[in-house]
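Each chain, written out:
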Amino acid sequence: MSELTYVEAIGQGIWEELERDPSVFVLGEDVGSYGGAFRVTAGMLDHFGPARIRDTPISESAIVGAASGAAMMGMRPVVEMQFIDFISSAFNMITNFTAKARYRSGVAMSLVIRGPSGGGVNAGPFHSQNVEAYFHHTPGLKIVQPSTVRDAKGLIKSAIRDPDPVLYLEHKYLYRRLKDEIPEDEEILTPIGKAAIRRDGDDLCILSYGAMVHLALAAAEKLEEEDGLDVSVVDLRTLCPLDDDTILERARSCGRILLLHEATRTGGLGAELSARIAEHAFEWLDAPLMRLCPDDTPVPYSPPLEEVFLPSLGDVLNKARELAAY
Amino acid sequence: MKGALQEFGGEMLGHEKAKLSRQQLVEMHRLMLLNRMVEERLGNLYRQGKVVGGLYSSLGQEGISVASAYALRKGDKIGPMIRNLGAMLVKGVQPREVFCQYMAREGGPTFGRDCNLHFGDLERDLVAPISMLGTLIPVMAGMALASQMRGEKNVMMTYIGDGGSSTGDFHEGLNLAAVWKLPLILICENNGYAYSTPTHMQMANTRMVDRAKAYGVRGDRIDGNDVTAVYHSVRRAARHARSGKGPVLIEAMSFRMKGHAEHDDAGYVPTELVEAWRHRDPITRLTRYLLEKGLATRVELDALVEPMKAQIDADTDWALASPMPRPEFARGGVFAGDGDPRTEGARA
């Protein structure tokens, strides 16, 4: 057993896949000698060499395009976006070329695009975003976001082995704050498309993902202590395709659903989850679906402003109590 | 575009310099004719209302597509654009596939999922393009990367127009390929117009080949309506790329003889320019060359037409007999294992 941080677990997962499969390679800005802006690929250049650990020019579209071309040739590229915010520069390539290739011409496109997302580190409007909703609307892309050290490793490994393009959104707030014991000899492969129930309870259910899962768990503890509420917490883990079975089962058994995410509200994942639950579990609901997400603004930089932007423990408690009292 | 006419005189490079045999010249002649005849048939089908959507012509530019693809070898992959039907025919695409594609039929290679020349087949070394210009440059660079990483010595080739060269992907893709010395050939077809926008409104320096120096890659500027020049240039480029020296940018001067698409009468193009280029038609020039050099007889060249016409007739009938796609072809195949009707026996 060794204790790993969340960010180390990502690197370890990639490392193991590089060892296992010679078609896996890494490309991105400063991933080579520098080892990546957050050190995810540290040491890989020395071990695997410059052909497989490739520093690129600052060209997000060409990085994804080249990865797509290599994937069509049977390679399994792992693209690092230095910050996931920069993925917008590759939007056309991802949504029009990469995502549509299989549908149009039956071409397998096995590639991973990963990068640090999320706020809470006072990094301002261009280094704090959550981009999942932009891509959730594009058929042909899978999207995952781990909230634990174990899944950080298990999801990157599964993503690399997946036959389709996967956006792997890691949360930079969790990078070094989360640590866990991970057995070295265990092959961890977190299934894509399966949510995890992190806490059981039947008074209400918080559906969340990424760093917000930890806020939900903290709130659930407090709600049990202070209000005697049994709160369930679901970590979606895979945002596309959504695990409808788990989501609807929770909606039916809890009847009160709080949708919590760090991405802004309008057109966010909460909207899609609400629609699915309303369509398929309406009769089981005891209260309206409620969303807790940031207001529709860019992510502000200064600590007191970002504090207003991000959902807080107090916000979750208030919303959950409002939902429980309905 | 008049400058290019004067610059290249009118003399062809010639088959000796290009190291082309008589048979190869005749075969390229046949493929250019096939390219033109397929498009003529498509024009008929369009006027009969059988084509779904736009129709794009490569009239006058067949020499670039045919000779460039002809200069490559098996395993070298091509990312064609909308006016590169000729390159696809060289790689073995059948007219019936093209007819089905333009008529949205189930018998086409995409089963009606995508239109016109937006289809590929990696077995036949063809990558399906998308409408957003420039995207194929990084993609083909990535395929070249895979070839380089595996030591396979294949080169990858794609095309871009004067208009498409203004995109970010042109820059990003060529630069990446240059930095990594990837075996990529980028053919810039300078054909005077991007839809209605003339080249000088697309770029201040209209000599696209000058960009090669800026990217640190080899450049070549050729008469795109001379198949011997195109073949020669691409052969040299392929040798260069294959030997690990990096990408090559080839600027092929030509002219778009029709509008952007069939609906566009190109009224914005001066008539005298079209007329001047008509005298430089790549097929007519090769015919004249073959006859003047005594490399072929009129009878021999004429005899090429009939079998192709018969094939085009048969393929037209085949495509017209192909039904519109059944509804089940709308779904599945977005992800692996989601019930793709194309691979799971739905096709009778």
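Just so you know, the residues in each chain are numbered from 1, in the order the chain's sequence is written. Lettering for chains starts from A, numbering for ligands starts from 1, and both go in the order in which the items are written. Residues qualify for local features only when their pLDDT is at least 70, as the model is predicted, and side-chain atom pairs are given and counted only at 80 or more; totals for whole chains, interfaces and linings, by contrast, use all residues.

1. Here we look at the overall build of chain A
And step 1. To qualify as a helix, a DSSP run of H or I must reach at least 4 residues; to qualify as a strand, a run of E must reach at least 2; elements of each kind are numbered from the N terminus. The number of helices and strands found in chain A is twelve helices and 14 strands.
And step 2. With the C-alpha coordinates aligned to their principal axes, the bounding extent of chain A is approximately 60 × 40 × 40 Å.
And step 3. Residues are called buried when their C-beta atom has 20 or more other C-beta atoms within 10 Å, exposed when it has 12 or fewer, and partly exposed otherwise; all C-beta atoms are positioned from the backbone. For chain A, the proportion of its 326 residues judged to be buried stands at 56%.
And step 4. Placing a C-beta atom from the backbone of each residue, one calls two residues in contact when those atoms lie within 7 Å. The contacts in chain A between residues at least 6 apart in sequence include a share of 80% that link residues at least 24 apart.

2. Overview of the overall build of chain B
And step 1. For chain B, the helix and strand inventory stands at 13 helices and seven strands.
And step 2. With the C-alpha coordinates of chain B rotated into their principal frame, the extents come out at 55 × 50 × 40 Å.
And step 3. Looking at chain B residue by residue over its 348 residues, the buried ones come to 52%.
And step 4. Within chain B, residue pairs in contact and separated by at least 24 positions form 75% of the contacts whose partners lie at least 6 positions apart.

3. Some points on the sheet that holds strand β7 (residues 248–253) of chain B
Strand pairing in a sheet relies on backbone hydrogen bonds. The paired strands run either parallel or antiparallel.
Residues and elements named next belong to chain B.
And step 1. Pairing within the open sheet is parallel, and its five strands lie in the order β1-β2-β3-β7-β6. In the strand order of this sheet, the two ends are held by β1 (77–79) and β6 (218–223), each with one partner. Neighbour-to-neighbour, the strand axes of the sheet open up by a mean angle of 20°, direction not taken into account.
And step 2. To obtain an axis, a line is fitted to C-alpha atoms, over the contacting stretch when the element is a helix, and the angle between two such axes runs from 0 to 180 degrees between their N-to-C directions. The strands touched by helix α4 (residues 62–70) within the sheet are β1, β2 (156–161), β3 (184–190) and β7, with β3 carrying the most contacts at an inclination of about 165°. Pairing between strands is defined by DSSP: at least two bridges between them are needed.

4. Regarding the pairing of strand β11 (residues 231–235) of chain A
The side chains of a regular strand alternate between both faces of the sheet.
Residues and elements named next belong to chain A.
And step 1. A large share of β11 lies buried, amounting to five of its five residues.
And step 2. Burial of β11 is two-sided: the residues Val231, Val233 and Asp235 facing one way and the residues Ser232 and Val234 facing the other way are all buried.
And step 3. Relative to β11, strand β9 (residues 196–199) runs antiparallel, the two being bridged by three bridges. Among the inter-strand pairings, isoleucine 197 is bridged to a residue of β11, identified as valine 234.
And step 4. Both strand β10 (residues 204–208) and β11 contribute to a ladder of five bridges, which runs parallel. Its bridge partner being in β11, serine 208 is matched across the sheet by aspartate 235.
And step 5. The crossover handedness rule: strands pointing away from the viewer, path from first strand over the helix to second strand clockwise, crossover right-handed. Once you follow β10 into helix α8 (residues 212–227) and on to β11, the crossover reads as right-handed.

5. Some details on the sheet that holds β11(A)
Residues and elements named next belong to chain A.
And step 1. Within the open sheet, the five strands sit side by side as β9-β11-β10-β13-β14. Their pairing is mixed. Looking along the sheet, the strands with just one partner apiece sit at the ends: β9 and β14 (290–292). Across the sheet, the mean angle separating the axes of adjacent strands is 25° when strand polarity is ignored.
And step 2. Relative to strand β13 (residues 257–260), β10 runs parallel, the two sharing three bridges. Looking across to β13, one finds that leucine 207 is bridged to leucine 259.
And step 3. Contacts from α8 reach β9, β10, β11 and β13, with the element oriented near 170° to β11.
And step 4. Strand contacts of helix α12 (residues 313–325): β10, β11, β13 and β14, with the helix running at about 175° to β14, the strand carrying the most contacts.

6. Notes on the interface of chain A and chain B
And step 1. Every contact between the two is made by 29 residues of chain A and, on the other side, 33 residues of chain B.
And step 2. Elements represented by at least two residues in the side of chain A that touches chain B include exactly α3 (60–72), α4 (91–98) and α5 (101–105) of chain A.
And step 3. Sorting elements by how many residues they give to the side of chain A that touches chain B places α3(A) first, with nine residues.
And step 4. Residue classes follow a fixed rule: Ala, Val, Leu, Ile, Met, Phe, Trp, Tyr, Cys and Pro count as nonpolar, while Asp, Glu, Lys and Arg count as charged, and any other residue, Gly among them, counts as polar. Taken together, the residues of the side of chain A that touches chain B break down into 15 nonpolar, eleven polar and three charged.

7. Things to note about the domain arrangement of chain A
And step 1. What fixes the domain bounds is an automatic or database domain assignment. The domain boundaries assigned to chain A delineate domain 1 (2–182) and domain 2 (196–325).
And step 2. Of the residues belonging to the side of domain 1 of chain A that touches domain 2 of chain A, the class tally is nine nonpolar, twelve polar and three charged.

8. Brief notes about the packing of helix α3 (residues 22–47) of chain B against helix α12 (residues 282–292) of chain B
Residues and elements named next belong to chain B.
And step 1. Taken N-terminus to C-terminus, the directions of α3 and α12 make an angle of 150°; their axes are 10 Å apart at the nearest point. With respect to α12, the axis of α3 lies roughly antiparallel. You can see that α3 and α12 cross each other, and the crossing is left-handed. Where α3 abuts α12, its residues Leu25, His29, Met32, Leu33 and Arg36 lie against Pro282, Ile283, Leu286, Thr287 and Leu290.
And step 2. When grouped by side-chain class, the residues that make up the contact of α3 with α12 number seven nonpolar, two polar and one charged. Roughly parallel here means an angle under 35 degrees, roughly antiparallel means over 145, roughly perpendicular means 65 to 115, and every remaining angle is called oblique. Note: crossing handedness is left-handed where the near helix turns anticlockwise from the far helix by less than a right angle, and right-handed where it turns clockwise.

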